[in-house]
Amino acid sequence: MAERLFVFDTTLRDGEQVPGCQLNTIEKIEVARTLEALGVDVIEAGFPISSPGDFNSVREISKAVTWPTICALTRSVEKDIEVAADALKYAKSKRIHTGIGVSHYHIKYKLKSTPEKIIERAVAAVKYAKSFVEQVEFYAEDAGRAENEYLARVIESVIAAGATVVNIPDTTGYCLPYEYGAKIKYLIENVSNIHKAIISTHCHNDLGMATANTLAGVLNGARQVEVTINGIGERAGNTSLEEVAMALKCHKHLGIDTNINSKKIIEASRMVSNLMNMPVQPNKAIVGRNAFAHSSGIHQDGVLKHRENYEIIDPKDIGLEDSAIVLTARSGRAALKHRLELLGYVFEQEELDKVYEEFLKLADSKKDIRDEDLLQLAGDTTGQNSMNKIKLKKLQVLSGTLISTAVVVIEVGGEELTATATGNGPVDAAVAAIKSLINRKVIIQEFLIQAITKGSNDVGRVHIQLLQEDSNIMVHGFSANTDIVRAAVEAFIDGINKMAGKED
């Protein structure tokens, strides 16, 4: 039977410390309920003493979720602990997370204290927290850079004072995996009462090793991991929940398992990304847009023959429908044949070879190969799908300091439609004009601009993520043009066309 690893999610506390990622109480409750459905064991809901808003969020989250433990952060200060206890009043299962710095840097330069006084303050804080709640977690801030012998003294003292969980943070992301793993092992072997508490990891990603350090800690005896959705957090971020959960799921031979429902991972990832307005990098492990995308011909052929040739995770296990076979100049015949068959075309080998030659010419000159391009290669330009595609015929914008106006002419099924609209900038005005011509409730959830070339006449590439409200269909639209407004409008139309294709 697998050993149980507890998942402590700090998206709403450490994750929310990212500049620009602050949420209101209603949004935090929505995230907390998603974390509950995901299966996390502990939700760190906030730092109550920091603001009235944080206090209220901890209190309301305590009322809103049922079975996860709700945790509130404090410093080793009595007032902090009192306020945290008050905020947790309605939680079914509650925990106070208190602590203090234990490294030479923190003791000397931040706290301006001595090692002995730090232990006294740590013990006093744990005892005081214990008078309010049964579950007390102690964080030894900057444990990653602390001397192991002193750290062991601190941990032994706080466990004796009543701590039920001891958190060993690599606060600055300094440790290498073997160092962090050895630190956890040292505590297990040298703290006499360590069996009375759960050891927790809390690793930051400053050197890109948060997940590796966390797993090293787990393999050496830690049985709680402190993580965030998408790995968000202060500076370079925290350990990513999805990476740890799926690493353990892939390596079942380790005999360590979590309560995470992995099929809810994509849903949670997208919610946090959208609410915090923090796009996930395309090549992010597990949840990035390209995590299950294959463009190399060799990889595409291997995946189409047997998924596990190039995928160690089934996309369905994290809540995705399937892998993505992306057609580029590096794609082979197998990938082209697969996409054409999805569009309803089956070719004999000789015919496929001819189409493939034309495909390579097109792929060398065009970054994105779309289904309409393949339909043209296949000789089908009169199908229903093509007829219903929206095409941008004309675009005229007038920008000012107060308001912008756009005139848009689009073609749908051979008919030209015209609309005029105003907006907060030329792109907003043009999108509003198009929306007035189509019967769709669409939200732009992500809007990114990237320069492809250099100079004042740059080619700008625009990526737009769209969500259709009534069906929850999500698509990505792309375009590139030296006129960035036109590129944005074309990317929006590309997304709308893809949305229509998903419905067909």
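Look a little higher up for the structure.
Residues numbered from 1 in each chain as written. Predicted model: local features only at pLDDT ≥ 70, side-chain atom pairs only at ≥ 80, totals over all residues. Heavy atoms only, no water.

Participant: Could you give an account of the nonpolar core, with specific residues and numbers?
Facilitator: Within the largest apolar cluster, 91 residues are counted, with the highest numbers of intra-cluster contacts made by Phe138, Ile155, Val166 and Ile168. Ignoring sequence-local partners within four residues, the contact set of Val166 consists of Phe138, Ile155, Val158, Ile159, Ile194, Ala197, Ile198, Ile199 and Ser200. Core analysis: the second largest hydrophobic core is formed by 27 residues, Ala421, Ile473, Ala488 and Ala491 among them. (Core = buried A, V, L, I, M, F, W, Y, C linked by side-chain atoms within 4.5 Å. Buried < 20%, exposed > 50% of the residue type's maximum accessible area, 1.4 Å probe, protein only. Contact = heavy atoms within 4.5 Å.)

Participant: Let's hear about the packing of aromatic side chains: which residues, and what values?
Facilitator: Under the criterion given, the structure shown has two aromatic pairs. With a centroid separation of 5.2 Å and an interplanar angle of 85°, the aromatic rings of Tyr128 and Phe132 are classed as edge-to-face. Among the residues examined, Tyr128 registers a relative accessible area of 22% and is labelled partly exposed. Classification of Phe132 as partly exposed rests on a relative accessible area of 38%. Lying over the aromatic face of Tyr90, Lys63 brings its terminal NZ or CZ to 4.7 Å of the ring centre. Arg145 extends its terminal NZ or CZ atom over the ring of Tyr105, reaching a point 4.1 Å from the ring centre. (Phe/Tyr/Trp six-rings, centres within 6.5 Å; stacked < 30°, edge-to-face > 60°. Lys NZ or Arg CZ within 6 Å of the ring centre and 35° of its normal.)

Participant: I'd like a rundown of the pattern of salt bridges, residues and numbers included.
Facilitator: Where charged atoms of side chains with opposite charge meet at close range, the side chains can pair. According to the stated counting rule, one finds 22 salt bridges in the structure shown. Residues Glu490 and Arg486 are paired through a salt bridge, measuring 3.1 Å at the closest nitrogen-oxygen approach. In this pair, Glu490 and Arg486 both sit in helix 17 (residues 484–503), four residues apart, roughly one turn of the helix. The class for Glu490 is partly exposed, based on a relative accessible area of 22%. Look at the salt bridges and you will find they share partners, linking Arg13, Asp14 and Glu44 into a network. (Salt bridge = Lys/Arg side-chain N within 4 Å of Asp/Glu carboxyl O. Helix = DSSP H or I, 4+ residues; strand = E, 2+ residues; numbered from the N terminus.)

Participant: Give a description of a nonpolar patch on the surface that names residues and reports values.
Facilitator: Together, Ile444, Phe447, Ile449 and Ile484 give the surface a local cluster of nonpolar side chains, amounting to about 310 Å² of exposed area. Among the elements that take part in the nonpolar patch, strand 16 (residues 442–451) stands out by supplying three residues, more than any other. By the element assignment, Ile449 lies in strand 16. (Patch = residues over 30% accessible without salt bridge, like charges linked within 9 Å, V, L, I, M, F, W, Y side chains within 5 Å. Areas by Shrake-Rupley, 256 points an atom, 1.4 Å probe, with all protein chains shown as cover.)

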